[in-house]
Amino acid sequence: MTNLSCGIVGLPNVGKSTLFNALTKKQVAAENYPFCTIDPSVGIVNLKDERLNKLSEQSNSKKIIPATVSFVDIAGLVKGASQGEGLGNQFLTHIRETDAIVQVVRCFEDPNVIHVSGCVNPLDDIEVITLELILADLQMVENACGKMERLAKGKKELLPTLNFLKKSIEHLNQSLPMRSLSLTAEEEEISTHYNFLTKKKVLYICNVGENDVPAMNNPLVQMVREYAEKEGSKVVPVCARIEEEISQLDESDAKEFLESLGLTESGLDRVIKEAFSILDLITYITSGEIETRAWTIHKGTPAAQAAGKIHSDIEKGFIRAEVVSFDDMMQYNGRVGAKEAGKARAEGREYVVKDGDVILFFHN
């Protein structure tokens, strides 16, 4: 759970590796030709969170440990990947291992950068990749269905699984991703046993040209927004080239450069925040002299389970959680002041932790 990962996918030459370089300040080759990236590079990126700096000042912490997301740069997919075209099956395996898909689509015209299909149309790009993932899912589910049909003969309890697989095949055969199939609670549970590529959440990154900054909007971006809205996905427009330049600068120069472009935050910070949000993640914070640290959990996690993120012994021996909201920590100048003002709450095992809760766990 601490190592959440987003797979960055896209057709060759859409700016994927440039974006990855900027995200992780990790240099992977970003030459102007397909299949430049073969093995996936992994970069671990911090979630920018001003709350940690403020709490750290209050606690005189020796260090700050932010929440992180892993980004995996997956080689450029091409038409026919599900049949092994390009470096097909290898890519699909890499995507299967990630929690969400970040798809980079090209939303700029540039005669000097070859487009793999000869013209720039982001919806075609999205379709090519979605179709490859659908075909890969179809292959997986047809194999599973064949086995299940044999097993279900005389085993009534396997019929719901068989019916779910047949329903999935019918849906995928209409070239529709699994995330658009409505499932009952029982089917939803069955689906967790199958690692569908098209059930993963998707974040679309529109890579725009430098002349689209700061508005980050153009007719191509609009097309992607309308498409994403229909399937309930999010869109973040960025200019990968500018992001790569920003990533080479130190913090104060980067801030100045952003301001000169009329931007308040980098596109990459927006990408990281959205990646967190599409995965339904929040962070709670612990703060003391040793460190101020953000802990990543899913929305809806109860206190005892959240304590287990720190150490399984704290979850086992959980007595109570002393919770102060971040705002109260600021207003009353720390835990002691918050306690005196009656703003520190004692919560039990089942308390649902909220984003920005500053927690002290008591345990045996």
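Predicted, not measured: the structure shown is a model, and the values here were computed from it.

What counts and how
Residue numbers restart at each chain and count upward from 1, following the sequence in its written direction. Local features in this predicted model are restricted to residues of pLDDT 70 or higher, and side-chain atom pairs are both shown and tallied only at a pLDDT of 80 or more, whereas totals for entire chains, interfaces and linings draw on every residue. With hydrogens and water stripped out, all remaining heavy atoms of the structure feed into the side-chain values. Each nonpolar core is a collection of buried residues, namely Ala, Val, Leu, Ile, Met, Phe, Trp, Tyr and Cys, held together in the definition by side-chain atoms within 4.5 Å. Here the term buried applies to any residue with accessible area under 20% of the maximum for its type, exposed to any over 50%, and partly exposed to those in between, with areas from a 1.4 Å probe on protein chains only. Only DSSP runs of H or I with at least four residues qualify as helices, and only runs of E with at least two residues qualify as strands; both kinds are numbered from the N terminus onward. Any pair of residues with heavy atoms lying within 4.5 Å of one another is described as a contacting pair. Within 6.5 Å between ring centres, the rings of Phe, Tyr and Trp (the latter by its six-membered ring) count as paired, and their orientation is classed by plane angle as stacked under 30 degrees, edge-to-face over 60, tilted in between. In our convention, an over-ring charge means Lys NZ or Arg CZ found within 6 Å of a ring centre and within 35 degrees of that ring's normal. Pairing between strands is defined by DSSP: at least two bridges between the two strands are required. For helices, the fitted axis covers only the stretch in contact; all axes are lines through C-alpha atoms, and the angles between them, taken along N-to-C directions, range from 0 to 180 degrees. Here, a salt bridge means any Lys or Arg side-chain nitrogen found within 4 Å of an Asp or Glu carboxyl oxygen.

A few words on the nonpolar core. Within the largest apolar cluster, 71 residues are counted, with the highest numbers of intra-cluster contacts made by Cys6, Phe71, Cys107 and Val224. The biggest single contributor to this core is helix α10 (residues 267-278), with six residues. Those residues in contact with Cys107 that lie beyond four places of it in its chain are Pro122, Cys206, Asn207, Val208, Gly209, Asp212, Asn218, Leu220, Val221 and Val224. By size, the runner-up hydrophobic cluster in this structure holds 18 residues, among which are Leu138, Ala144, Ala152 and Leu162.

One pass over the full model with this rule turns up seven aromatic pairs. Across from the ring centre of Trp295, 4.2 Å away, lies the NZ or CZ of Arg293, which sits over that ring. In this arrangement the basic side chain of Arg320 is found over the ring face of Phe362, its NZ or CZ atom lying 4.1 Å from the centre.

If you walk across this open sheet you meet the six strands as β2-β4-β1-β5-β6-β7, and the pairing is mixed. Each edge of the open sheet carries a strand with a single partner, namely β2 (41-46) and β7 (234-238). Strand-to-strand twist across the sheet, computed as the mean angle between neighbouring axes with direction ignored, equals 25°. Pairing between strand β1 (residues 5-9) and strand β4 (residues 68-73): four bridges, direction parallel. Paired with Ser5 across the bridge in β4 is Ser70. Sitting on the sheet, helix α1 (residues 16-24) is in contact with β1, β2, β4, β5 (100-106), β6 (201-207) and β7, with an inclination near 45° to β2.

Another aspect to go through is the pattern of salt bridges. Per the stated rule, a full pass over the model turns up 19 salt bridges. With a closest N to O distance of 2.9 Å, Arg335 and Glu322 form a salt bridge. Taken as a pair, Arg335 in helix α14 (residues 335-340) and Glu322 in strand β10 (residues 318-325) lie far apart in primary sequence, 13 residues in all. With relative accessibility at 18%, the residue Arg335 sits in the buried group. Salt-bridge contacts for Lys339 lead to Glu322; the nearest nitrogen and oxygen are separated by 3.2 Å. Here the residue Lys339 occupies a position in helix α14, and Glu322 occupies one in strand β10, the gap between them amounting to 17 residues.

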